[in-house]
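Here are the chains, one letter per residue:
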Amino acid sequence: MKKLSIAFIGGGNMARSLIGGLIADGYAPELIAVSDTDEAQRRLLSERFGIRTVASNREALQGADVLVIAVKPQMVESVAREIAGELPAGGLVISVAAGIRTDTLSAWLDGGVAVVRAMPNTPALVQSGATVLYANPQASAGQRETAESILRAVGLTQWVDEEDLMDAVTALSGSGPAYFFLVMEALEQAGCRLGLSPPISRLLTVQTAFGAAKMALESTASSPGELRVQVTSPGGTTERALQVLRDGDLEGLFERALAAARQRSIELSNLLGKDTHAG
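Since the model is a prediction, treat every value here as computed from it, not as a measurement.

Participant: I'm lost on empty space enclosed by the protein in this one. Help?
Facilitator: Rolled over the atoms, a probe as big as a water molecule pinpoints where empty space is left. Here the structure, examined in full by the defined rule, presents 1 cavity of 30 Å³ or more. Looking at the largest cavity, its volume works out to about 40 Å³. If you trace the largest cavity, you find it lined by L61, A64, D65, V66, L67, L87, P88, G91, L92 and V93. When contributions to the lining of the largest cavity are tallied by element, the ones reaching two or more residues are β4 (66-69) and β5 (92-95). In the lining of the largest cavity, the residues fall into 8 nonpolar, 1 polar and 1 charged.

Structure follows, in structure tokens:
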């Protein structure tokens, strides 16, 4: 893994996070190249990480063992068609673009390409992401290991064996940070209405969310439900609050919200891939 040359197309937030994580793990900067049309972005990446930056996608790809496509989903087709036929034999393509299926991307790249589709979420920007990966049949075990090593630079990784599950992943972890931000926002505002100052309410909300997540990660409890029982005293304040949330069908709301997000993910994938075989 340490000897592989990696080319990134797109130098935005996700690429910066991955590059920063890789270098923090000891990856050699000279093995990383990035192409981006924005000169200021290229200068920032070069100065911060000491990597090679270029304006040309084809130039970035020269000599690369792994290509990471990190542009917006709407740009993936044009990028893929531009570099089709330029990939080195046996190379690996990793896509972090939401909604682009592996068969769609492979077709844009002229087919027969080893593709790993990755769905990281925004906490990857602070090396605390959750990334789910799916590999097409052309990807070898070694290439799967390579993709996992790269994405582990920004957090934990998990694999799914069915690509259709990526829509559920998008609904849960992909969109999930926004759900927690909404809950935090509601808690903060409720605290203020109970008389707490905004700074105190915000600090208590954020630290409580962090502490609860840390407990869930580090506890020997078998589930969040078990943890909830452990911190809920019969007849106490927590039990009273939880009853209000359940009376409001909190579980049902989340189930419907995730189902809606999953359906939208399917719709967007179909929209982005509708012209797969055109041109």
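More follows now that the structure is in view.
Participant: How should I be thinking about the nonpolar core in this particular structure?
Facilitator: Taken as a class, soluble globular proteins show a tendency for nonpolar side chains to be buried jointly. In this structure, I6, F8, L18, L22, I94, V116 and I150 are the most contacted members of the largest nonpolar core, which totals 31 residues. If one sorts the elements of this core by residue count, helix α1 (residues 13-24) sits on top with 5 residues. Leave out the neighbours within four places in its chain, and I94 touches V66, L67, V68, I69, V116, A118, A147, I150 and L151.

Participant: Could you clarify how one ought to interpret the pairing of strand β1 (residues 6-9) in this entry?
Facilitator: As a general feature of sheets, a regular strand has side chains that alternate between the two faces. Along β1, one buried face is formed by I6 and F8 and the opposite face, lined by A7 and I9, is buried too. As paired strands, β1 and strand β2 (residues 32-35) are joined by 4 bridges and run parallel to one another. Bridging across to β2, F8 finds its partner in V34. Between the parallel elements β1 and β2, the chain passes through α1 in a crossover that is right-handed. Two elements, β1 and β4, share 4 bridges in a ladder whose sense is parallel. In the sheet register, I6 faces β4, and the bridge partner there is V66.

Participant: Even after reading the chapter, I still don't get the side chain of S17, so can you show me in this structure?
Facilitator: Mapping S17 onto the fold places it in helix α1. On the basis of relative accessible area, S17 is assigned to the buried category, the value being 7%. Not counting the four nearest positions on each side in its chain, S17 is found in contact with A124, L125, Q127 and V154.

Participant: Which parts of the structure should I look at to understand the layout of surface pockets?
Facilitator: Roughly 600 Å³ of internal volume is contained in the second largest pocket. As for the second largest pocket, its lining consists of 25 residues, of which G12, A70, V71, K72 and P73 are closest to the centre. When contributions to the lining of the second largest pocket are tallied by element, the ones reaching two or more residues are α1 and α4 (73-83). With 4 residues, α4 is the largest single contributor of residues to the lining of the second largest pocket. The residue makeup of the lining of the second largest pocket, split by class, is 14 nonpolar, 9 polar and 2 charged.

Conventions used here
- Each chain carries its own residue numbering, running from 1 in the written order of its sequence.
- A pLDDT threshold of at least 70 governs which residues receive local features in this predicted model, and a stricter bar of 80 or more applies before side-chain atom pairs are shown or counted, although totals over entire chains, interfaces and linings include all residues.
- Only heavy atoms go into the side-chain values, all of them from the structure, while hydrogens and water stay out.
- Cavities and pockets are found on a 1 Å grid laid over the protein atoms alone: a cavity is a set of points where a 1.4 Å probe fits but cannot escape, a pocket is an open set with protein on both sides within 12 Å along at least five of seven lines, and a lining residue has an atom within 4 Å of such a point.
- Grid points are joined across faces, edges and corners, and a volume is the space filled by probe spheres set on the points.
- Helix and strand assignments follow DSSP, with helices taken as H or I runs no shorter than four residues and strands as E runs no shorter than two, numbered in order from the N terminus.
- Amino acids outside the nonpolar list (Ala, Val, Leu, Ile, Met, Phe, Trp, Tyr, Cys, Pro) and the charged list (Asp, Glu, Lys, Arg) are all regarded as polar, and Gly is one of them.
- By convention a nonpolar core is built from buried Ala, Val, Leu, Ile, Met, Phe, Trp, Tyr and Cys residues, the set being connected through side-chain atoms within 4.5 Å.
- Relative accessibility decides the category of a residue: with a 1.4 Å probe and only protein chains considered, values under 20% of the type maximum give buried, values over 50% give exposed, and everything between is partly exposed.
- The criterion used for residue contact is that any of the two residues' heavy atoms lie within 4.5 Å.
- Note: two strands are recorded as paired if DSSP finds a minimum of 2 bridges between them.
- Note on handedness: a crossover is taken as right-handed if, strands pointing away from the viewer, the path from the first strand over the helix to the second is clockwise.

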